[in-house]
Amino acid sequence: MQGLFKYLVKEEFRFHTELFGLARFVGFPLFIILLISAGLFGAVELDLGTVDDVLLSVHGLFFILALQIGSVAFMASDAANDLLGDRSTLLYSHTYLPITQERLILVFAIKDVLFYLGLFVAPAIISMAIFLPLTIVDILLLTVSLGTAFAVGISTALFISSLGLKSRSQSVIMTILVISSLAILFSQTPLELTDVLISTAPSLVGKATAGIGSLLIMAIFSAYAARNLELSQESSEQKVRYAGFIKRLLNPKRDPDKSTSNIQPKTSAVVTRTFSDVLRSGGGLFKIGFTIAILVGMTAYLLNILNQTTQIAPQYVLTTTSIIALASYANYVWIFQDDSLDDYNYLPLNRNDIKSAKRYSFHLLNTTLLVVVALTSFALFGGEEFVLLGTLFLIPAMSEFYFEYTFTLASFDPMDFLFDTLRFNVFSVVLMLLFLPILIVGLFGILFLQPIQIFVFCLGMASIFWALSYVLIKFINDSEK
Amino acid sequence: MTEEVSKETLVSVSDLTKSYGDLDVLDSVSFSIPEGEVFGILGPNGVGKTTLIKILTGQDSPNSGSVSVLGKTPWEEETKVRHEVGILPEKQSPPSYLTPREFFNYVGMVREIPDESLEENINKWAEYLSFEEKLDTLCSNLSRGQQQKVMFTQALLHNPKLVFIDEPVANLDPLMQERVKEFIMDYSSEGNTIVLSTHHIEFASELCSKILSLTSDKAVLLDDNPTADELIQHFEETW
């Protein structure tokens, strides 16, 4: 057990240092300290809440972060090839060594939790120790509490991944369940939630109950995941899912006279392949629903806090949609991660053919999801019709710009770009600046703009995004060979 | 002799040089391939066989030299060349999450093959290579050999008159290797041209009328159906 743990840690360390470089990897905790310190400094200076409110927020963010990290398990059976290229990892060694999958997964999960505790949680504790009035006992309790929230997040993601959802109906039901759970969790008042955290529960009995409850959740979820997570595709013959959808994409387009679609057959073919990868690979459609659910949950949570603190009602439709649009990178990754340009070398397709198909696929996925998010926000939180209309005009423009901007930097290798921390952070900051006017209008527009003016603002921003996309297409992306 | 002269040259390569950094992979390689020929590229691992196939199919470009495939420069008109030829790459597998039938429909769309002849060809090749019962199984659930058969079929769906095959019998069982040999002979006897890269000496000697022998420092063209013994003797001297 110890030997296995040691080699798993060694492998994880080498994997990260190879991807990021040793200096950047070692500097990462410092970056986290700076980031959280900036947030805490702002919260304290602007008097955005009590210490318990801040602790609760940090717990919430780390729980979500852990869900996100753990969701990699959706691709467990594809990960060796798709995520890691030709690399083979010890996680798959049960296929050729006398060791059980259960044991490997459990030790792997413990390693992952401890590894990320060092990488994320410890720096966060240091920041909080600096900026919040905490005693030594508080800091110790906070370490246990935050670590536990993180571990519960990882084990929850592993558990959901191991349910092996691939059919459309299962995916939809589970997405609704996850969104509802997060909505219920995040709609609680801080007082109700502080009771379930080890560090903030008011009594010793409360702290012990929170601790034992968390341990139970972790134990049950991890044990289930260790037993049921599919690490290899060979374990069972997979069903041919979404055959009707794939057939519709493929079928009548070859003969232009019979075609009912205005997209090129070449484009449609690559779109088909892309969606077969997205829908039939590990996690199926649900992995997308799960990621969106996490983002929507986090956005609703942050808007809720801001609303309580500032007493200014945001334009939920515009704000939620633009925040989710800002996080479209996950959808970009889904579209690109299962193939590479080399996979098309034996066919008469060039780079631009494949890029066109990927753009089409991105719109099909991302634009559709953003429309669903906008309409759901409107249904749940209400709002002005003009703002909804403006948001719906803005969505395809945001999607188009996001695709072209990301393609300029990440091209066909979004995972490589994601691991290039420095460039990725610059990319994110520039994106944030471009989206900032929309966020300001979404959050505070009610103070200085009429709904019709917000509608006009959305049209203006849409024009800017279309213009920027045109510039990127014309002068950078389509001129590349 | 007269017949030789009247044959159209489909591929011609002159003074082709390719290097990666300091490593010279191909050095002043020249040859031509007339129609109806089975042309072998033979050599040990790592001498540039796959690189040469990649250049001929527009997946890579040389440092110097000229290449013409069906009258076109492959790396300048790569989609036009690939539209006309068939390519069986060495390492590619069919997309994991499509069934062979879906994959062939996908290839049919990209290659603009009419529905009727596509369907006919899918059934013909599936029967010939014995994987009809696997047509509706996800490719990720097929064995390596079955995946190889699927890749073989995709290269032939549009009845190309020139086919590039990189390591044709890797992953195939002995029975299927015989079937592939039979196919290559039949296909070339219909006037089609096959360029195959391999390191199997016997396989090459049985099938190829001309062989380009590649070693780490030179390329030699062996004409007139070299026998296995002649090839072995040649390679003992040069490899």
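Model, not experiment: these values are computed from the prediction.

Asker: What is the right way to read the interface of chain A and chain B from this model?
Answerer: Think of interface size as the accessible area that goes away when the parts come together; that is how it is often given. In this complex, chain A contributes 36 residues to the contact, which on the side of chain B involves 33 residues. Between the two partners, chain A and chain B, sit one salt bridge. Between Arg280(A) and Glu102(B) there is a salt bridge, with its nearest N and O atoms 2.7 Å apart. One can count seven residue pairs in polar contact (both at pLDDT 80 or more) joining chain A with chain B. Elements with a minimum of two residues in the side of chain A that touches chain B: helix H10 (243-250) and helix H11 (265-280) of chain A. Counting residues per element, the side of chain A that touches chain B draws most heavily on H11(A), which supplies 10 residues. For the side of chain A that touches chain B, the class distribution of residues is 13 nonpolar, 10 polar and 13 charged.

Asker: For this particular structure, what's the right way to read the nonpolar core?
Answerer: One broad trend across soluble globular proteins is that nonpolar side chains are buried collectively. By size, the foremost hydrophobic cluster in this structure holds 195 residues, and its most contacted members are Met128(A), Val11(B), Phe31(B) and Val69(B). Top element by residues in this core is helix H5 (residues 101-131) of chain A. It accounts for 14 residues. Both domains that furnish three or more residues to this core are identified here as domain 1 (1-230) and domain 2 (238-250 + 263-280 + 312-481) of chain A. When near neighbours in sequence (up to four residues on either side) are disregarded, Met128(A) contacts Leu40(A), Leu55(A), Val58(A), Leu134(A), Leu142(A) and Leu146(A).

Asker: Looking at this structure, how should I read the pattern of salt bridges?
Answerer: Once the charged atoms of two side chains with opposite charge are near each other, the side chains can pair. All names here are of chain A. Scanning all chains against the criterion turns up 19 salt bridges over all chains. The partner of Lys111 in a salt bridge is Glu12, with the nearest N and O atoms 2.4 Å apart. Of this pair, Lys111 sits in helix H5 while Glu12 sits in helix H1 (residues 2-20), and the two are 99 residues apart along the sequence. Here the two residues Lys111 and Glu12 agree in accessibility, since each one is buried.

Asker: Would you explain the sheet that holds strand S2 (residues 23-34) of chain B in this entry?
Answerer: Picture the strands of a sheet paired through backbone hydrogen bonds; they go either parallel or antiparallel. All names here are of chain B. Strand order in the open sheet made by the three strands is S2-S1-S4, with antiparallel pairing throughout. Only two strands of the sheet have a single neighbouring strand rather than two, namely S2 and strand S4 (64-69). With strand direction ignored, the average angle separating the axes of adjacent strands in the sheet is 15°. As judged from the five bridges shared by strand S1 (residues 9-20) and S4, these two strands associate in the antiparallel manner. Directly across from Val13, in S4, lies its bridge partner Val67.

Asker: I'm lost on the confidence of the model for chain A in this one. Help?
Answerer: For any part of a model where pLDDT is low, the fine detail of the predicted coordinates should not be relied upon. Taken over all residues, the pLDDT of chain A has a mean of 82, while the share at 70 or more is 88%. Confidence scores differ between elements of chain A, with helix H4 (residues 76-82) of chain A showing the lowest mean pLDDT of 55 and helix H16 (residues 385-410) of chain A the highest of 96.

Asker: Please explain the packing of aromatic side chains as it appears in this structure.
Answerer: Ring pairs (aromatic) are described by centroid distance and by the angle formed between their planes. Residues and elements named next belong to chain A. Here the structure, examined in full by the defined rule, presents 44 aromatic pairs over all chains. Considering the side-chain rings of Phe41 and Phe131, the 6.2 Å spacing of their centres and the 70° angle between planes classify their relative orientation as edge-to-face. Here Phe41 is found in helix H2 (residues 22-45), whereas its partner Phe131 is found in helix H5, with 90 residues between them in sequence. With a relative accessible area of 46%, Phe41 lands in the partly exposed category. Ring geometry for Phe417 and Phe424: centres 5.6 Å apart, planes at 70°, overall edge-to-face. Overall, the relative accessible area of 15% leaves Phe424 in the buried class. Its end group placed over the ring of Phe407, Lys355 keeps NZ or CZ at 5.0 Å from the ring centre.

Asker: How do you make sense of a negative patch on the surface when you look at a structure like this?
Answerer: A contiguous patch of negative charge on the surface is contributed by Asp22(B), Asp24(B), Asp27(B) and Asp217(B). Residue placement: Asp24(B) occurs in strand S2.

Asker: Where do I start with unusual backbone geometry in this structure?
Answerer: The backbone of Ser411(A) sits at a positive phi, close to 50°, despite the residue not being glycine. Tracing the sequence through the fold places Ser411(A) in the loop between H16 and helix H17 (414-419). Notably, Glu167(B) is not glycine yet its phi reads approximately 50°, a positive angle. Counting through the fold element by element, Glu167(B) comes out in the loop between strand S6 (162-166) and helix H7 (174-189).

Asker: Mind showing me how you'd approach the domain arrangement of chain A here?
Answerer: Considered domain by domain, chain A is made up of domain 1 (1-230) and domain 2 (238-250 + 263-280 + 312-481). The gap between the C-alpha centroids of domain 1 of chain A and domain 2 of chain A is 28 Å.

Asker: How should I be thinking about the environment of Asn105(B) in this particular structure?
Answerer: By secondary structure assignment, the location of Asn105(B) is in helix H4 (residues 100-111). Residue Asn105(B) is classed as buried on the basis of its relative accessible area, which comes to 15%.

Asker: What's the story with the environment of Glu202(B) in this structure? I'm lost.
Answerer: With respect to the helices, strands and loops of the structure, Glu202(B) is situated in helix H8 (residues 201-207). Looking at Glu202(B), the relative accessible area reads 56%, which means it is exposed.

Asker: I tried to follow the side chain of Thr272(A) on my own but got confused; where do I start?
Answerer: Note on placement: Thr272(A) falls in helix H11. When residues no more than four places from it in sequence are discounted, the contact partners of Thr272(A) are Ile246(A), Leu249(A), Leu250(A) and Leu98(B).

Asker: For this particular structure, what's the right way to read the pairing of strand S9 (residues 219-222) of chain B?
Answerer: A regular strand carries its side chains on alternate faces of the sheet. Residues and elements named next belong to chain B. Pairing of strand S8 (residues 210-214) with S9, which is carried by four bridges, proceeds in the antiparallel orientation. For Leu212, the partnering residue across the bridge sits in S9 and is Leu221. Counted between consecutive antiparallel strands, the loop separating S8 from S9 contains four residues.

What counts as what
Along each chain, residues carry numbers from 1 onward, in the same order as the chain's sequence is written. Lettering for chains starts from A, numbering for ligands starts from 1, and both go in the order in which the items are written. Per-residue local features are limited, in this predicted model, to residues with pLDDT of at least 70; the limit for side-chain atom pairs, both in listing and counting, is 80 or more; totals at the level of whole chains, interfaces and linings are taken over all residues. Side-chain calculation: all heavy atoms of the structure are included, whereas hydrogens and water are not. For this analysis, residues touch if any pair of their heavy atoms sits within 4.5 Å. A pairing counts as a salt bridge when a side-chain nitrogen of Lys or Arg comes within 4 Å of a carboxyl oxygen of Asp or Glu. We define a polar contact as two N or O atoms separated by no more than 3.5 Å, with the added condition that, inside protein, one atom must be a possible hydrogen donor and the other a possible acceptor, whereas residues neighbouring each other in sequence contribute only through side-chain atom pairs. Secondary structure is summarised from DSSP: a helix means a run of H or I of at least four residues, a strand means a run of E of at least two, and numbering begins at the N terminus for each. Just so you know the grouping, Ala, Val, Leu, Ile, Met, Phe, Trp, Tyr, Cys and Pro go in nonpolar, Asp, Glu, Lys and Arg go in charged, and all remaining residues, Gly too, go in polar. Among the buried residues, those of types Ala, Val, Leu, Ile, Met, Phe, Trp, Tyr and Cys that are joined through side-chain atoms within 4.5 Å form a nonpolar core. Relative accessible area decides the class of each residue, using a 1.4 Å probe on protein chains only: under 20% of the type maximum gives buried, over 50% gives exposed, and in between gives partly exposed. Bear in mind that the domain bounds are from an automatic or database domain assignment. Only when DSSP finds a minimum of two bridges between them are two strands counted as paired. Angles here are taken between N-to-C directions and fall from 0 to 180 degrees, while the axes themselves are lines fitted to C-alpha atoms, restricted in helices to the stretch in contact. The predictor attaches a confidence to each residue, and that confidence, scored 0 to 100, is pLDDT. Think of it this way: a Phe, Tyr or Trp ring, Trp meaning its six-membered ring, pairs with another when their centres are within 6.5 Å, and the plane angle makes it stacked under 30 degrees, edge-to-face over 60, tilted otherwise. Remark: a charge is flagged as sitting over a ring if the NZ atom of Lys or the CZ atom of Arg is within 6 Å of the ring centre and within 35 degrees of the ring normal. Exposure above 30% relative accessible area and no salt bridge define the residues that can form patches, which grow by joining like charges within 9 Å and nonpolar side chains of Val, Leu, Ile, Met, Phe, Trp and Tyr within 5 Å. Only the protein chains shown count as covering a residue, and every accessible area follows the Shrake-Rupley method with a 1.4 Å probe. Residues counted as positive are Lys and Arg, residues counted as negative are Asp and Glu, and His and the chain ends are not counted. The location of each charge is read from NZ of Lys, CZ of Arg, CG of Asp or CD of Glu.

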